[in-house]
Amino acid sequence: MAKLLSCVLGPRLYKIYRERDSERAPSSVPGTPTSVTNPPSSSWASVFWSISYYSSPFAFFYLYRKGYLSLSKVVPFSHYAGTLLLLLAGVACLRGIGRWTNPQYRQFITILEATHRNRSAENKRQLANYNFDFRSWPVDFHWEEPSSRKESRGGPSRWGVALLRPEPLHRGTADTFLNRVKKLPCQITSYLVAHTLGRRMLYPGSVYLLQKALMPVLLQGQARLVEECNGRRAKLQACDGNEIDTMFVDRRGRAEPQGQKLVICCEGNAGFYEVGCVSTPLEAGYSVLGWNHPGFAGSTGVPFPQNEANAMDVVVQFAIHRLGFQPQDIIIYAWSIGGFTATWAAMSYPDISAVILDASFDDLVPLALKVMPDSWRGLVTRTVRQHLNLNNAEQLCRYQGPVLLIRRTKDEIITTTVPEDIMSNRGNDLLLKLLQHRYPRVMAEEGLQVVRQWLEASSQLEEASIYSRWEVEEDWCLSVLHSYQAEHGPEFPWSVGEDMSPEGRRQLALFLAQKHLHNFEATHCTPLPTQNFQMPWHL
């Protein structure tokens, strides 16, 4: 009877993978995962519930206007609701009986219960052969697990990790009680916009209906990572209580030296590790750790900046303290909006080896203003700064290590005008802010002007033409930088170029721009080829 109840209340089982070491098994072992079908009624019920949830305010308003919320109308309606609940309970019981008669599901629920009681390595190994509702997956790593976190007072609290806070919009004004009352309506409006329309526009991958439509593709991607790449799935608990879905592929046992490096991948606003940018470093032979944003697929929560940073923090801690990688062996690779968590990790973990940002931007405000009416400018700016402040450039400037920016010359997402206008690509602003912070003397008037000319080039031929026009001597540039580093140390910002001629500053500015930014002739969502995945330049 207890087993029947476990089957009724148990999680959905999607697939049963073949054994991990199946390549050494006899050829009679089937080569495809077993798919466990679930009754379509439960799937349709979840979709119906999601639609009802989002449309409930409009439904209540309609019922109120029609007078259906009076006591005389509510009582008959409650009878219909009770009947519907009984039908759903009956469907759940039938589903449980079907699971109970299925030996595969009974074996799965036995392993799951055993793993929750005793999280031994053997139980986890057996559980990894199943793909099921991730809410029932046991937590593999907790944010407080590292002993250094328990002893340190500077680490994250239950409120979250530290973020850079935006400066007040009106500096110098006294924050009196009257001013706070005057600002209250605007603050309430910004909060409502951010938590309803804004968050879903910024992270469409968190919308349940989209995830439901992508479920077959996500399951297929998980099967590929587990069976073909020997990936290991894990659930991490962040300091805010959110549970983060991760996938780790270990290449350290191979002959290729890049397998000793771990690439942590940060996906875009509708990207999932199952089908996202993890494929590029995987094909290049690196060890890879992918994770899903809060509210995406198996991860819980909602993807606000604080939750995003909390998730990234526990992912990095997991890589260091559980997977055994040193920070010097970790590379952060981000695509699009993933640049926020990547730059936060670079700022918070300065010993990380390198940062690669593909199709990313400097700040969210210009991109938000692009898609909203001009009359909403004040509301949009306030909402972004207070609730959705993705300040990538500000965070990246606090990192001292090697950085590579990949700019897509036909990007239709992070341009503020049209894709053909390459100067409106916000990746340009990210590069300029980084170089101006690290090399302020070089990026004076002459250097800034020549880098802007170089950024206007939309092809390799135009880039080479500008580069040769100013006769950039790379050996001379390297010798200048090496001499300064040997005398003053590696910490930025540098004062190199202070006593340099305008021609020298132009040469050095062009040299540095070319080393920090590579062009990729493609649109925003085109997968990055392996040959374009290169380690950043460093002295």
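Everything below is about the structure shown above.
Computed from a predicted model, the values in this text were never measured in an experiment. (Residues numbered from 1 in each chain as written. Predicted model: local features only at pLDDT ≥ 70, side-chain atom pairs only at ≥ 80, totals over all residues. Heavy atoms only, no water.)

**Q** Got a minute to help me understand the sheet that holds strand β10 (residues 354–358) in this structure?
**A** By definition, the strands of a sheet pair up through backbone hydrogen bonds, in either a parallel or an antiparallel sense. Strand order in this open sheet of nine strands is β4-β5-β6-β8-β7-β9-β10-β11-β12, and the pairing throughout is mixed. Looking at the sheet topology across the chains shown, the edges are occupied by β4 (141–142) and β12 (517–520). In this sheet, strand β8 (residues 287–291) lies alongside strand β7 (residues 262–266) in parallel orientation, the contact comprising four bridges. When the bridges of β8 are listed, V263 appears paired with V288. Helix-sheet contacts for helix α11 (residues 339–348) involve β7, β8, β9 (330–335) and β10, and the interaxial angle to β9 is about 155°. (Pairing = 2+ DSSP bridges. Helix = DSSP H or I, 4+ residues; strand = E, 2+ residues; numbered from the N terminus. Contact = heavy atoms within 4.5 Å. Axes fitted to C-alpha atoms, helices over the stretch in contact; angles between N-to-C directions.)

**Q** Help me understand the pairing of β10 in this model?
**A** Two faces, one strand: in a regular strand the side chains alternate between the faces of the sheet. With five of five residues buried, β10 lies mostly within the body of the structure. Residues A354, I356 and D358 of β10 are buried on one face, and the alternating residues V355 and L357, pointing to the opposite face, are buried as well. Direction of pairing for β9 relative to β10: parallel, over a ladder of five bridges. Across the sheet, Y333 pairs through a bridge with I356, a residue of β10. Each parallel crossover has a hand, and the one from β9 via α11 to β10 is right-handed. (Buried < 20%, exposed > 50% of the residue type's maximum accessible area, 1.4 Å probe, protein only. Right-handed = clockwise from strand over helix to strand, strands pointing away.)

**Q** Help me understand the pattern of salt bridges, please; the structure alone is not making it clear to me.
**A** Side chains that differ in charge, positive against negative, can pair when their charged atoms come close. With the rule as written, the count across this model stands at 16 salt bridges. A salt bridge links R408 to D358; the shortest N-O distance between them is 2.7 Å. Pair noted here: R408 is in strand β11 (residues 403–408) and D358 is in strand β10, with a separation of 50 residues, a long-range link. Of the two residues, R408 and D358, both sit in the buried class. (Salt bridge = Lys/Arg side-chain N within 4 Å of Asp/Glu carboxyl O.)

**Q** Would you mind showing me how to read helix α13 (residues 377–387) here?
**A** Taken residue by residue, α13 has V380, T381, T383, V384 and H387 as its buried positions. On its buried face, α13 sits against α7 (177–202), α10 (305–321) and α12 (364–371).

**Q** In this structure, what is going on with the packing of aromatic side chains? I would like to understand it.
**A** How two aromatic rings sit relative to each other is given by the distance of their centres and the angle of their planes. Counted by the stated rule, this structure contains 17 aromatic pairs. Seen from their ring centres, Y203 and F296 are 6.3 Å apart, and the 85° between their planes marks the pair as edge-to-face. Here Y203, found in the loop between α7 and α8 (208–227), pairs with F296, found in the loop between β8 and α10; they are 93 residues apart in sequence, far enough to count as distant. With centroids separated by 5.0 Å and ring planes inclined at 40°, the aromatic side chains of Y484 and W494 adopt a geometry described as tilted. Residue Y484 is found in helix α18 (residues 474–488), and its partner W494 is found in the loop between α18 and α19 (502–516); the two are separated by ten residues along the sequence. As far as the burial class goes, Y484 and W494 line up, both buried. Lying over the aromatic face of W137, R233 brings its terminal NZ or CZ to 5.9 Å of the ring centre. Seen from the ring of F134, K235 lies directly overhead, with NZ or CZ sitting 5.2 Å from the centre. (Phe/Tyr/Trp six-rings, centres within 6.5 Å; stacked < 30°, edge-to-face > 60°. Lys NZ or Arg CZ within 6 Å of the ring centre and 35° of its normal.)

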